[in-house]
Amino acid sequence: LHRLDRGTTGVVLLARGCEAHRELLRRWQAGEVEKTYLALVWGHPRPREGSWLQPVGPDRRDRRRMRVEPEGKAAHTEYRVLATPPHAALVRLYPRTGRTHQLRVHLAWAGHPIVGDDLYGGPRHRGVRDDTLRRALAPPHLLLHAWRMTVPGAPGTPPLTVTAPLPAALALALAALGIDEERLQ
């Protein structure tokens with residue numbers, strides 16, 4: 001039904017048949033599927049909750065990238081900061097549209113690129129001096145995780161919620177920053 005950017009971890013929804021695929025795709029396109037991502041980002045986004053509504057389009061200078069582009073397609077991301085240890089923040093993200101690289105572009109545009117994102121992230125360690133913390137904040141992939149998806153149930157049936165466990169690199173970084181996984185709830 002969808003894909004994740006290379007390096008993004010987490011839930012991917014698949015249909016087990018043509019009818020299920022059509023119905024799930026209809027719900028997906030109608031915005032009925034609730035998608036929740038977690039990201040470890042550089043800095044501390046302010047305010048702690050909000051939305052980004054900046055349109056996203058291709059970066060004409062680098063075909064691999066997208067960027068905030070006034071002539072681009074509408075893009076809407078809601079966010080909530082869960083924890084703000086030194087250097088980074090754990091952010092819960094709710095993409096309301098599904099543009100290519102949307103979460104990465106909105107976070108980078110806001111000045112808070114995702115830790116480990118070599119395409120949009122810029123410098124790797126952002127002033128981190130502690131060697132253990134530097135290693136934890138130099139993951140093998142970007143720390144963006146499709147954490148939870150909820151599909152509404154058919155009439156008379158409960159919704160389906162799927163949650164993916166944290167990948168090792170994100171769990172290690174959170175532990176090094178002193179963020180308890182209970183903060184995710």
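> Now, about the overall build of the protein chain: what can you tell me, with residues and values included?
The helix and strand inventory of the protein chain stands at four helices and nine strands. Seen in sequence order, the protein chain has helices and strands lined up from the N terminus as β-α-β-β-β-β-β-β-α-α-β-β-α. Whereas a compact globule of 185 residues would reach a radius of gyration of roughly 16 Å, the protein chain reaches 17 Å, a difference of no more than 12%. For the protein chain, the spread of C-alpha atoms along the principal axes amounts to about 55 × 40 × 30 Å. If you take every contact in the protein chain between residues at least 6 apart in sequence, the share linking residues at least 24 apart comes to 65%. A total of about 10,100 Å² of accessible surface is found on the protein chain, and carbon and sulfur atoms cover 51% of it. Charge centroids of the protein chain, computed over 28 positive and 18 negative side chains, lie 3 Å from each other.

> Pulling in residues and values, what's your account of the environment of A74?
Turning to its location among the elements, A74 is positioned in the loop between β5 (66–68) and β6 (77–83). Distance in space between the C-alpha atoms of A74 and T84 is 29 Å, their sequence separation being 10 residues.

> Tell me about the pattern of salt bridges, and please be specific about residues and values.
One pass over the full model with this rule turns up 14 salt bridges. Put simply, E32 and R26 hold a salt bridge, and the shortest N to O gap is 3.8 Å. Here E69 and R60 are joined by a salt bridge, their closest N and O atoms 3.5 Å apart. Taken together, the shared-partner salt bridges connect R3, D5, R104 and D117 into one network.

> How would you sum up unusual backbone geometry? Please name residues and give values.
Of all residues except glycine, most have a negative phi; of all peptide bonds, most are trans. Going from R46 to P47, the amide bond is cis rather than trans, its omega being -5 degrees. In this fold, P47 is placed in the loop between β2 (34–42) and β3 (49–52). Here the phi dihedral of H87 falls at roughly 80 degrees; this positive angle occurs in a residue that is not glycine. Examined against the element boundaries, H87 turns out to sit in the loop between β6 and β7 (88–95).

> How would you explain the layout of surface pockets if you had to name every residue and give the values?
Quantified by volume, the largest pocket comes out at close to 470 Å³. What lines the largest pocket is a set of 22 residues, and nearest its centre among them are R3, Y37, T97, G98 and R99. Broken down by secondary-structure element, the contributors of at least two residues to the lining of the largest pocket are α1 (18–29), β2, α2 (102–109) and β8 (144–151). Here the residues of the lining of the largest pocket sort into seven nonpolar, nine polar and six charged. Reported here for the second largest pocket is a volume of approximately 190 Å³. Taken together, R6, G7, R104, G116, D117, D118, L119, R124, P139, P140, H141 and L142 make up the full set of residues lining the second largest pocket. Broken down by class, the residue content of the lining of the second largest pocket amounts to four nonpolar, three polar and five charged.

> How would you sum up the environment of P85? Please name residues and give values.
Looking at the element boundaries, P85 is found in the loop between β6 and β7. Sequence spacing of P85 and H44 is 41 residues, and the spatial spacing of their C-alpha atoms is 8.7 Å. Setting aside chain neighbours within four positions, we find P85 in contact with H44, L177 and I179.

> Go over α1, please, and point to the residues and values.
Over its 12 residues, α1 extends 16 Å from the first C-alpha to the last, a length consistent with the 16 Å expected when each residue adds 1.5 Å. L24, R27 and W28 are the residues of α1 that are buried. End-on, the buried residues of α1 take up no more than an arc of 100 degrees, which puts them together on one face. Looking at α1, the residues exposed on the side facing more than 90 degrees away from the buried face are C18, E19, R22 and Q29. In the core, the buried residues of α1 are packed alongside β2 and β8.

Rules of the game
- Residues numbered from 1 in each chain as written.
- Predicted model: local features only at pLDDT ≥ 70, side-chain atom pairs only at ≥ 80, totals over all residues.
- Heavy atoms only, no water.
- Helix = DSSP H or I, 4+ residues; strand = E, 2+ residues; numbered from the N terminus.
- Rg over C-alpha atoms; globule rule 2.2 N^0.38 Å.
- Contact = heavy atoms within 4.5 Å.
- Areas by Shrake-Rupley, 256 points an atom, 1.4 Å probe, with all protein chains shown as cover.
- Lys, Arg positive; Asp, Glu negative; His and termini not counted.
- Charge placed at Lys NZ, Arg CZ, Asp CG, Glu CD.
- Salt bridge = Lys/Arg side-chain N within 4 Å of Asp/Glu carboxyl O.
- 1 Å grid on protein atoms, 1.4 Å probe; cavity = no way out; pocket = protein on both sides within 12 Å on 5 of 7 lines; lining within 4 Å.
- Points joined across faces, edges and corners; volume = space filled by probe spheres on them.
- Nonpolar A, V, L, I, M, F, W, Y, C, P; charged D, E, K, R; others polar.
- Expected span 1.5 Å × (residues − 1).
- Buried < 20%, exposed > 50% of the residue type's maximum accessible area, 1.4 Å probe, protein only.
- Arc of directions from axis to C-beta.

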